Amino acid sequence: ASILGVYHAQNPKDLWAAIEYSKLMSFVGSDDVAEAVMKTHFRAVKSDVARMYMAHYLYKNGSLGRAEDELQDIKDANLAVPMNLGLVYLKAKKLEKAVAAWDRVNATLPHWNKAQINAALCLEQQGKITEAIEKLSSLNLSTEFKKRVTNYISYLNDLKNRTPAADVKPTDDSLQMDLEWE
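So, a few notes on the structure that sits alongside this text.

Here we come to the pattern of salt bridges. A full pass over the atoms with the stated rule returns eight salt bridges. Ionic pairing is found between Glu 35 and Lys 39, a salt bridge with its closest N-O pair at 3.4 Å. Linking Glu 35 with Lys 39, this pair stays in helix α3 (residues 31-45), spanning four residues, or about one helical turn. Close ionic contact of Glu 70 with Arg 51 constitutes a salt bridge, the shortest N to O distance being 2.7 Å. Of this pair, Glu 70 sits in helix α5 (residues 64-72) while Arg 51 sits in helix α4 (residues 48-60), and the two are 19 residues apart along the sequence. The same class applies to Glu 70 and to Arg 51, which are both buried. Put simply, Glu 35, Lys 39 and Arg 66 are held in one network by salt bridges that share partners.

Before going further, it helps to examine the packing of helix α1 (residues 2-10) against helix α2 (residues 15-27). Put simply, α1 and α2 touch, their axes get as near as 9 Å, and they point 140° apart. Here α1 is positioned oblique relative to α2, judged by the angle of their axes. In the crossing of α1 with α2, the sense of the turn from one axis to the other is left-handed. Of the residues in α2, those touching α1 at Leu 4, Gly 5, Tyr 7 and His 8 are Trp 16, Ala 17, Ala 18, Glu 20 and Tyr 21.

The next thing to look at is the packing of aromatic side chains. Applying the stated criterion to the full structure yields two aromatic pairs. When the ring of Tyr 152 is compared with that of Tyr 155, the centres are 5.1 Å apart and the planes differ by 55°; the resulting orientation is tilted. With a gap of three residues between them, Tyr 152 and Tyr 155 both fall in helix α10 (residues 143-161), about one helical turn apart. With respect to class, Tyr 152 is no different from Tyr 155; both count as buried. Against the face of Tyr 59 rests Lys 91, its NZ or CZ located 4.5 Å from the ring centre.

The rules behind each value
- Residues numbered from 1 in each chain as written.
- Predicted model: local features only at pLDDT ≥ 70, side-chain atom pairs only at ≥ 80, totals over all residues.
- Heavy atoms only, no water.
- Salt bridge = Lys/Arg side-chain N within 4 Å of Asp/Glu carboxyl O.
- Helix = DSSP H or I, 4+ residues; strand = E, 2+ residues; numbered from the N terminus.
- Buried < 20%, exposed > 50% of the residue type's maximum accessible area, 1.4 Å probe, protein only.
- Axes fitted to C-alpha atoms, helices over the stretch in contact; angles between N-to-C directions.
- Parallel < 35°, antiparallel > 145°, perpendicular 65-115°, else oblique.
- Left-handed = near helix turned anticlockwise from the far one by under 90°.
- Contact = heavy atoms within 4.5 Å.
- Phe/Tyr/Trp six-rings, centres within 6.5 Å; stacked < 30°, edge-to-face > 60°.
- Lys NZ or Arg CZ within 6 Å of the ring centre and 35° of its normal.

Read these as geometric descriptors, not functional statements.
Okay, structure coming up:
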């Protein structure tokens, strides 16, 4: 840690050093030092990528409002801002905002399906089963994953049409939210 700290102090623009030193400081419980490292890097670089890493740090440490602010200040359209903003809203239990953020993910991006599945699962949590089914039905997936989505759509249809006494459970290979930061 001391070697990384010295290296970071001499090279505050080095993203790798900032991230690794910050992670190490968080790991040992020095969150104030970890945040200071990320702030130092951001001040030295002032880039959208640095802002994204700062937002990720804040997200992981529970500063969701500040993470949201950092993400909303990013101008680079190539960064996965809507995807990550959806994760921040989900963690803050703002499901409608999470769905809206994931709906803004460009359909040409590789994480579009992930965003749509997350949005559908949020809609299900809100009791909006029909909207969740529509969202899942619109996905273009590989054959292997398509079977899981089809099974989940069947589960949602059963859930939508169930009687109050019926207990409907998803299958073992049901869909899960993907909470990985892009």
